[in-house]
Amino acid sequence: MRRPIVAGNWKMHGSRAENAALVEGILASWPTHAGDCVVCPPFVYLQELARILRGSPIQLGAQDTCAEPLGAFTGEVSAAMLRDVGCEYVIVGHSERRALYAEDDALVARKFAAAQGKGLIPILCVGETLAERDAGRTHEIVGRQLDAVLDLCGAAAFASAVLAYEPVWAIGTGRVASPEQAQDVHAFVRGRIAARDATIAGSVRILYGGSVKAGNARELFAMPDVDGGLIGGASLKAEEFVAILAAATA
Ligand code: PGA
């Protein structure tokens, strides 16, 4: 039995006051929830949230990491720094990073390795665009994105990593994948890892992300290979996020 996990990707939203209120709201109506819960605020708020969340059931993650360990990389933040301020998770390969900041599969794989090397749990995002789906290339694209990490880090690396299938066409669009569409890709991803290591494949958690809301979470999480969610917009509203947390363990 895989332990469900729900992660909130706050993207470039929030302020010190809003973050504190959001977390307070989540904790105030904390559901009977046996899974893991992670919030991923912008870098500048990590340290303060680490302090606020200490002793709470909410864990802390970053939205990205530099692939390099240290040095002349103006504007970047290393995995060691993220660990230093209290992060346990880090998202790598989010489609916004891939599309808007030209991160390719090789760089994402190096970020994944850098994160694990410093004891962070990477949340590796994969997903196809609408054009790729319409062209029947979903498995090819997701397989390629996954293989870049499998080839660099090996299947064993997924013993302490989380995957997130996020179809680009579903992110922030309100157009959620159907449970069957999600299950198809999740099963494909698990099978791809199983081809290298069946035990690891059986234990790795695969999240679905893309327009998850309180109203559609339950049916998505009911699919056999969907182990939770990576939540954008709905993670900014305490009530919605708590309902999604509850759905993950229902
Ligand atoms: P969304 O974003 O839930 O707002 O669609 C998900 C994500 O980008 O992780």
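What this report covers is the structure whose coordinates are included nearby. Here the structure is a predicted model, which means the values were calculated and not measured.

A few words on unusual backbone geometry. Unlike most non-glycine residues, Ala-102 shows phi in positive territory, near 55 degrees. On the basis of relative accessible area, Ala-102 is assigned to the exposed category, the value being 65%. At Ser-211, a position not held by glycine, the phi torsion is positive, near 60 degrees. Structurally, the position occupied by Ser-211 is in the loop between strand S7 (205–209) and helix H10 (214–221). For Ser-211, a relative accessible area of 9% translates into the label buried.

Attention now moves to helix H11 (residues 238–248). Among all positions in H11, only Phe-241, Val-242, Ile-244, Leu-245, Ala-247 and Ala-248 are buried. Elements in contact with the buried residues of H11: strand S1 (5–9), helix H1 (16–28), strand S2 (36–40), H10 and strand S8 (228–231).

Take the site of the ligand next. Around the ligand sit 13 residues in total, of which Lys-11, His-94, Glu-166, Gly-172 and Ser-211 are the nearest. Here Ser-211 contributes a backbone N or O atom positioned 2.7 Å from an oxygen atom of the ligand. Between the ligand and Gly-232, the relevant distance is 2.8 Å, taken from an oxygen atom to a main-chain nitrogen or oxygen of the residue. Taken by itself the ligand offers 280 Å² of open surface, and the protein chains cover 96% of this. Classifying every residue of the shell around the ligand by side-chain character gives four nonpolar, seven polar and two charged.

Summed over the entire model, instances satisfying the criterion amount to zero disulfides. Not part of a disulfide, Cys-37 finds its nearest cysteine sulfur in Cys-40, a span of 9.6 Å. Here Cys-66 stays unpaired: no disulfide links it, and the sulfur of Cys-87, its closest cysteine neighbor, is 15 Å away. For Cys-66, a relative accessible area of 7% corresponds to the buried category.

This part is about the pairing of S7. Judged by how many residues are buried, S7 sits mostly within the fold: five of five residues are covered. Along S7, one buried face is formed by Arg-205, Leu-207 and Gly-209 and the opposite face, lined by Ile-206 and Tyr-208, is buried too. As defined by bridge partners, strand S6 (residues 162–165) adjoins S7 across four bridges and the pair is classed as parallel. Looking across to S7, one finds that Val-162 is bridged to Arg-205. Relative to S8, S7 runs parallel, the two being bridged by two bridges.

Turning our eyes to something else, we now look at the pattern of salt bridges. Scanning the model with the defined rule gives 21 salt bridges in all. Two residues, Arg-3 and Asp-36, come together in a salt bridge whose shortest N-O distance is 2.8 Å. On the criterion of sequence distance, the pair formed by Arg-3 in the segment before S1 and Asp-36 in strand S2 is long-range, its members being 33 residues apart. Residue classification places Arg-3 among the partly exposed residues on the basis of a relative accessible area of 42%. For Glu-48, the salt bridge identified is with Arg-51, shortest N-O distance 3.6 Å. Within this pair, Glu-48 and its partner Arg-51 are both found in helix H2 (residues 46–53), separated by three residues, close to a single helical turn.

Each value, and the rule that gives it
- Residues numbered from 1 in each chain as written.
- Predicted model: local features only at pLDDT ≥ 70, side-chain atom pairs only at ≥ 80, totals over all residues.
- Heavy atoms only, no water.
- Buried < 20%, exposed > 50% of the residue type's maximum accessible area, 1.4 Å probe, protein only.
- Helix = DSSP H or I, 4+ residues; strand = E, 2+ residues; numbered from the N terminus.
- Contact = heavy atoms within 4.5 Å.
- Near = heavy atom within 4 Å.
- Polar contact = N/O pair within 3.5 Å; in protein donor to acceptor, adjacent residues only side chain to side chain.
- Areas by Shrake-Rupley, 256 points an atom, 1.4 Å probe, with all protein chains shown as cover.
- Nonpolar A, V, L, I, M, F, W, Y, C, P; charged D, E, K, R; others polar.
- Disulfide = S-S within 2.5 Å.
- Pairing = 2+ DSSP bridges.
- Salt bridge = Lys/Arg side-chain N within 4 Å of Asp/Glu carboxyl O.

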